[in-house]
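So you can see what is in the structure, the chains are spelled out below.
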Amino acid sequence: ASTNDQRFLLVFIFGAYFGPDLRNEVPRKSALQRIAHRLPIYTSDDLGGSVFKLSEMESIYYYALRHSHPSARVKLQSLYKFLQGHLAPPVREALEDDRQFTTFFPPHLHRQSRYKGTYKVVESMVFINEPELSYMKLEDIERFKRLTGLGDLTMDRDLARSFQHGQRNDRDEERQARFYALAEARGPLGVDQDGRPLPHVLPDPNLDSQMPAAAMLLIPSLPTVEQWNRIVDAARPSIVLTGTAAARQSGPLVGLVDIGVADDAYLFRAALPGVKKDEGDFNCEVECDGKVTIKGMTTTGESRIFRTNRMFHMQTQYLCPPGPFSVSFNLPGPVEPNQFTGTFGSDGVLEGIVMK
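Residues numbered from 1 in each chain as written. Predicted model: local features only at pLDDT ≥ 70, side-chain atom pairs only at ≥ 80, totals over all residues. Heavy atoms only, no water.

In the annotation of an unreviewed UniProt entry, the protein chain is listed under the name SHSP domain-containing protein and assigned to Selaginella moellendorffii. UniProt annotates the protein chain under Sequence similarities (unreviewed entry) with the comment "Belongs to the small heat shock protein (HSP20) family." (UniProt positions renumbered as here; feature names shortened; annotations may be inferred.)

A.B. asks: Mind showing me how you'd approach the overall build of the protein chain here?
C.D. replies: Looking only at helices and strands, one finds 10 helices and 21 strands in the protein chain. With 356 residues in all, the protein chain has 40% of them scored as buried. Here the analysis covers contacts within the protein chain between residues at least 6 apart in sequence; of these, 62% occur between residues at least 24 apart. Split by element, the accessible area of the protein chain, about 20,000 Å² in all, is 52% carbon and sulfur. (Helix = DSSP H or I, 4+ residues; strand = E, 2+ residues; numbered from the N terminus. Buried < 20%, exposed > 50% of the residue type's maximum accessible area, 1.4 Å probe, protein only. Contact = heavy atoms within 4.5 Å. Areas by Shrake-Rupley, 256 points an atom, 1.4 Å probe, with all protein chains shown as cover.)

A.B. asks: Explain the packing of helix α1 (residues 3-16) against helix α3 (residues 54-64) here, please?
C.D. replies: How two helices sit against one another is set out by the angle between their axes and by the gap between those axes. Following both chains from N to C, one finds α1 and α3 inclined at 120°, their axes separated by 11 Å at the closest point. Classified by the angle their axes make, α1 and α3 are oblique. The chirality of how α1 crosses α3 is right-handed. Facing α1, whose interface residues are Leu-10, Ile-13 and Phe-14, α3 presents Met-57, Tyr-61 and Ala-64. (Axes fitted to C-alpha atoms, helices over the stretch in contact; angles between N-to-C directions. Parallel < 35°, antiparallel > 145°, perpendicular 65-115°, else oblique. Left-handed = near helix turned anticlockwise from the far one by under 90°.)

A.B. asks: What is the right way to look at the pairing of strand β13 (residues 257-261) in this model?
C.D. replies: Regular strands place their side chains on alternate faces of the sheet. Pairing geometry for β13 and strand β14 (residues 265-271), over five bridges, is antiparallel. Along β14, the bridge assignment pairs Val-261 with Tyr-266. Between β13 and the antiparallel strand that follows it, β14, lie three residues. (Pairing = 2+ DSSP bridges.)

A.B. asks: Where do I start with the packing of α1 against helix α6 (residues 138-148) in this structure?
C.D. replies: Contact geometry for α1 and α6: axes closest at 11 Å, N-to-C directions at 110°. In this view, α1 runs roughly perpendicular relative to α6, as classed from their interaxial angle. The way α1 lies across α6 gives a crossing that is left-handed. In this structure, α1 contributes Asn-4, Asp-5, Phe-8, Leu-9, Phe-12 and Ile-13 to the contact, and α6 contributes Asp-140, Arg-143, Phe-144, Leu-147 and Thr-148. Looking at the contact of α1 with α6 residue by residue, the classes come out as six nonpolar, two polar and three charged. (Nonpolar A, V, L, I, M, F, W, Y, C, P; charged D, E, K, R; others polar.)

Following this line, the structure appears as structure tokens:
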């Protein structure tokens, strides 16, 4: 899916499956339906006092796209920006439809707030699980079906609102607050960069129970490659080396990575000594969830080298042996792959900057 396909799905799902909670409107009409039928603009006096959980809106969006290709779905950070009306346009393609959630649900009528200081809500909204199709263009319906893999636009109301999409969401904030409150009560070793406690033993923040979990692993400031490969994030190594990058012994290493963080972007630098820079042999891919994969060919580490009419038999072989390799690692958070720039310098260091 292209970026325009992502935006089309955002507009379609939140425009066709959601509508204003108007007291005297039966049946309920979606935001897109009101626009198509040119219905009069409503005021705050026409709205009911309902609230709709932000976590349920997330679930409905990902439920609609549960069968889609991953490229059709935006990450939570981008979804939140869309709901707030701040999702930036794509850099490399013209935007077909620049409408955002606040276009259909103006903030002065549908305030986004916290319900009694707990979970986040959007006021005066309703979920329409069986959207009216008569006002829609046939090509829009077919495009929605093609991108989502759905044959029917009707959603199961309960399944959609409770769908577990596996990403961090608003429900986790309350658990996280309890997690750090309990951690502080147990006596911290110190605090992290955000001023939060680092106790001896921490409970799992994703569980409602307060059973103790495994001890926290504190990473040294300059970890070795072996330590990097033992550190797991969501059951995956932080840095994964394959091919010749994994077969090296010592000396300048392929795959050493530094990561930097700014307010709106991430920077990474990867050591790639002896790696071919030809376009056909080298590739760096950045995915929406922050995963970076570098693939290429190393040219060093031969057992014999012919130079200046002489044959050299290598007594030491510390550089990577010649052949294909890959290096993969995760940036601290989700990113916009279309806003990625990289340079491969003559010093053998690949430097990339990608926007959050």
